[in-house]
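Architecture and fold: a report
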Amino acid sequence: VNLTLEGIRNMPDCLADETLGRNRSHARFGVDKYDQGRIWETRLQTRPTEVFESLVDGSAALGAGIGTGWIDLCEKPLEGNGITDVGWGVVAFANKVAGGTLDFAQSVVTGVQKTPAAVFDPLCIAAVGLSGALQKCIETVAGSAADAVDDVLQAVV
């Protein structure tokens, strides 16, 4: 899912490169002249390690996208070039909200994927006193639920 979201994030840049050429201006969010980046650039600085962290990071990125997009929507028309600045304000708002939405989705997907390991790794460390088969079973749950079921069946039999 993360690769699909990253592909969606890169699509506007790919289309712009094909239509305008690769030597086009690579302004961040398509409007930030002094900041280079992708049209739907990410604001995430780190990858979350579990789902709750991902919700916080993703929500912050989404909020930043909506907030900065709203600022551009209000400020761009005041730059004084008429109706084109209103259009650039709308473009900035749309791009920043889209980038924030993708950040939220990618953050949550990553957090959901990493949560089992974040939960079960401490359990594995605490299981030092348990028998080898049970400890192996707990460690395996962090990697694969199907393998864990097999280990439990083997330990019982």
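Before going into details, it helps to say that this report is about the structure given with it. (Residues numbered from 1 in each chain as written. Predicted model: local features only at pLDDT ≥ 70, side-chain atom pairs only at ≥ 80, totals over all residues. Heavy atoms only, no water.)

1. Examining the pairing of strand 2 (residues 32–36)
Consecutive side chains of a regular strand alternate in pointing toward one face of the sheet and then the other. Quick note on the threshold: Strands are treated as partners if at least two bridges between them are detected by DSSP. Only DSSP runs of H or I reaching four residues or more are called helices, and only runs of E reaching two or more are called strands; each is numbered from the N terminus.
Note: strand 1 (residues 27–28) against strand 2, 2 bridges, orientation antiparallel. Bridge pairing in strand 2 links R28 to D32.

2. Concerning the layout of surface pockets
Quick note on the threshold: Buriedness of a pocket was judged along seven lines, with at least five required to meet protein on both sides within 12 Å; pockets are open sets of points on a 1 Å grid over the protein atoms alone, cavities are sets where a 1.4 Å probe fits but cannot get out, and lining residues have an atom within 4 Å of a point. Grid points are joined across faces, edges and corners, and a volume is the space filled by probe spheres set on the points. Note on residue categories: nonpolar means Ala, Val, Leu, Ile, Met, Phe, Trp, Tyr, Cys or Pro, charged means Asp, Glu, Lys or Arg, and polar means any other residue, Gly included.
Reported here for the largest pocket is a volume of approximately 240 Å³. If you trace the largest pocket, you find 13 residues lining it, with A27, G30, V31, K33 and W88 closest to the centre. Looking at which element gives the most residues to the lining of the largest pocket, the answer is helix 3 (residues 83–126), with 3 residues. Class assignment for the residues of the lining of the largest pocket results in 5 nonpolar, 3 polar and 5 charged. In this structure, the second largest pocket occupies an estimated 200 Å³ of space. Taken together, 14 residues form the lining of the second largest pocket, with E6, T42, L44, R47 and Q106 sitting closest to its centre. Elements that contribute at least two residues to the lining of the second largest pocket include exactly helix 1 (2–20) and helix 3. In terms of residue class, the lining of the second largest pocket is made up of 3 nonpolar, 7 polar and 4 charged.

3. A look at a nonpolar patch on the surface
The cut-off we apply is this: Residues forming no salt bridge and having over 30% relative accessible area are the ones grouped into patches, like charges within 9 Å of each other and nonpolar side chains (Val, Leu, Ile, Met, Phe, Trp, Tyr) within 5 Å. For the area figures, the Shrake-Rupley method with a 1.4 Å probe applies, and any residue is considered shielded solely by the protein chains shown. Salt bridges, as used here, are contacts in which a Lys or Arg side-chain nitrogen is within 4 Å of a carboxyl oxygen on Asp or Glu. When a residue's accessible area, from a 1.4 Å probe over protein chains only, is under 20% of the maximum for its type it is buried; when over 50% it is exposed; and in between it is partly exposed.
A cluster of nonpolar side chains, I83, V86 and V90, forms an exposed patch at the surface whose accessible area comes to about 280 Å². Here I83 is to be found in helix 3. Of the residues examined, I83 reaches a relative accessible area of 69% and is grouped as exposed.

4. Some words on the pattern of salt bridges
Enumeration over the complete set of coordinates arrives at 7 salt bridges. For the salt bridge of E41 with R38, the shortest nitrogen-to-oxygen distance reads 3.6 Å. Judged by relative accessible area, which is 14%, E41 ranks as buried. Here the salt bridges share partners, and the residues they tie into one network are E6, R9, R38, E41 and D103.

5. A short note on helix 1
Where we set the bar: To estimate how far a helix should extend, the number of its residues minus one is multiplied by 1.5 Å. Think of it this way: the bend at a residue is just the angle between two axes, each fitted to seven residues, one set ending at that residue and the other starting at it.
When the terminal C-alpha atoms of helix 1 are compared, their 28 Å separation across 19 residues agrees well with the 27 Å that a helix rising 1.5 Å per residue should span. Of all the bends in helix 1, the greatest, near 40 degrees, is centred on N10, and the proline P12 appears no more than four residues after it. Taken residue by residue, helix 1 has N2, L5, R9, P12, D13, A16 and D17 as its buried positions. Two residues or fewer past helix 1, G21 is found with a positive phi of approximately 95 degrees.

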